[in-house]
Amino acid sequence: MTAAVPALEVRDLTYRVDGTTILHGVSLRVEAGRHVSIVGPNGAGKSTFLKCLNRILLAASGEIKVNGRPLAAYSQPKLAREIGYVPQGGTDDIPFTVFEFAMLGRYPHLSPFTPTTEADEEAVRNALAMAGASELAERPCYTLSGGERQRVLIAAALAQDARILLLDEPTTFLDPHHQQDILKLLARLHRETNVTILSVTHDINAAAMTSDEILALRDGRAVFHGPPADLMQEKVLLDLFDQSFLFVPHPKTGQRLVIPEDAQ
């Protein structure tokens, strides 16, 4: 039986800027349909790693394959059909309605100077519905709240019809209610569409509760890759963060969660 082709395969990825090495030989294999969280201290290289996967940043060395093909083999429109990217930041200064902004996600399916079709409009409507943002379609982007903005950014990525979704800290700057809304949205998308998700996060507990596996970076190096239960160990987290934690069971599921030891 032929082995399944992974959605993403990264081997010995190194990235440098101005003579400084940010990523040191990072490797990762992600099977299709998996949800992977990327965690680690500030400055560990998490966002840089995500941007290399999407060719926003060009690696100095190493190999990246997307669905079995080298990253270099993809034109930018064809790569956008494979990978959707949700960046940090917002839509505050974008002079479009939500529907118009989400339509920008259809660019890899359009030819230059050709108008959008009913199929494109239907794809955008479906993306907004999946992201729980249909009621925002006619709103100007600059009027959105933080939680609404994240839903719209996710909808624009979904409108690409990509099977791999990269998210750079999708719950940053959101209040707890909206954080939970976004986490539930991602869990539902993963469950209902089987999309492959890589998400950078600082929330260890959220990563443990929502992910199939976790990649931990420190100082630009991969120091852990495995199931969430293996990350939630005293020595692993101490080595990763130079921080001791207390462990408590989730009151409903019993899953191991952490609080900082000095929180008492």
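Please refer to the structure higher up on the page.
Report follows, based on the coordinates.

Calculation rules
- Residues numbered from 1 in each chain as written.
- Predicted model: local features only at pLDDT ≥ 70, side-chain atom pairs only at ≥ 80, totals over all residues.
- Heavy atoms only, no water.
- Phe/Tyr/Trp six-rings, centres within 6.5 Å; stacked < 30°, edge-to-face > 60°.
- Lys NZ or Arg CZ within 6 Å of the ring centre and 35° of its normal.
- Helix = DSSP H or I, 4+ residues; strand = E, 2+ residues; numbered from the N terminus.
- Expected span 1.5 Å × (residues − 1).
- Buried < 20%, exposed > 50% of the residue type's maximum accessible area, 1.4 Å probe, protein only.
- Arc of directions from axis to C-beta.
- Axes fitted to C-alpha atoms, helices over the stretch in contact; angles between N-to-C directions.
- Parallel < 35°, antiparallel > 145°, perpendicular 65-115°, else oblique.
- Left-handed = near helix turned anticlockwise from the far one by under 90°.
- Contact = heavy atoms within 4.5 Å.
- Nonpolar A, V, L, I, M, F, W, Y, C, P; charged D, E, K, R; others polar.

**Quick notes on the packing of aromatic side chains**
In total, this model carries 1 aromatic pair according to the counting rule given. Pairing Phe 241 with Phe 245 gives two aromatic rings, centres 6.1 Å apart and planes at 75°, and the pair type is edge-to-face. Above the plane of the ring of Tyr 74 lies Arg 69, whose end atom (NZ or CZ) is 4.5 Å from the centre. The ring of Phe 247 carries Arg 256 above its face, with NZ or CZ at 4.0 Å from the centroid.

**Considerations on helix α6 (residues 176–193)**
In this model α6 runs 26 Å from its N-terminal to its C-terminal C-alpha over 18 residues, within 8% of the 26 Å that 1.5 Å per residue would give. Turning to α6, its buried residues number three or more, namely Ile 182, Leu 183, Leu 185, Leu 186, Leu 189 and His 190. Projected down its long axis, α6 shows its buried positions confined to an angular sector of 155°, all on one face. Exposed residues on α6 whose side chains face more than 90 degrees from its buried face are Pro 176, His 177, Lys 184, Arg 191 and Glu 192.

**Remarks on the packing of helix α5 (residues 146–158) against α6**
One way to put it is that α5 packs onto α6 with a least axis distance of 9 Å and a crossing angle of 20°. Of the possible angle classes, the one that applies to α5 and α6 is roughly parallel. Of the two possible hands of crossing, α5 and α6 adopt the one that is right-handed. Listed contacts from α6 to Gly 147, Gln 150, Arg 151, Ile 154 and Leu 158 of α5 are His 178, Asp 181, Ile 182, Leu 185, Leu 186 and Leu 189. Residues of the contact of α5 with α6, tallied by class, amount to 6 nonpolar, 3 polar and 2 charged.

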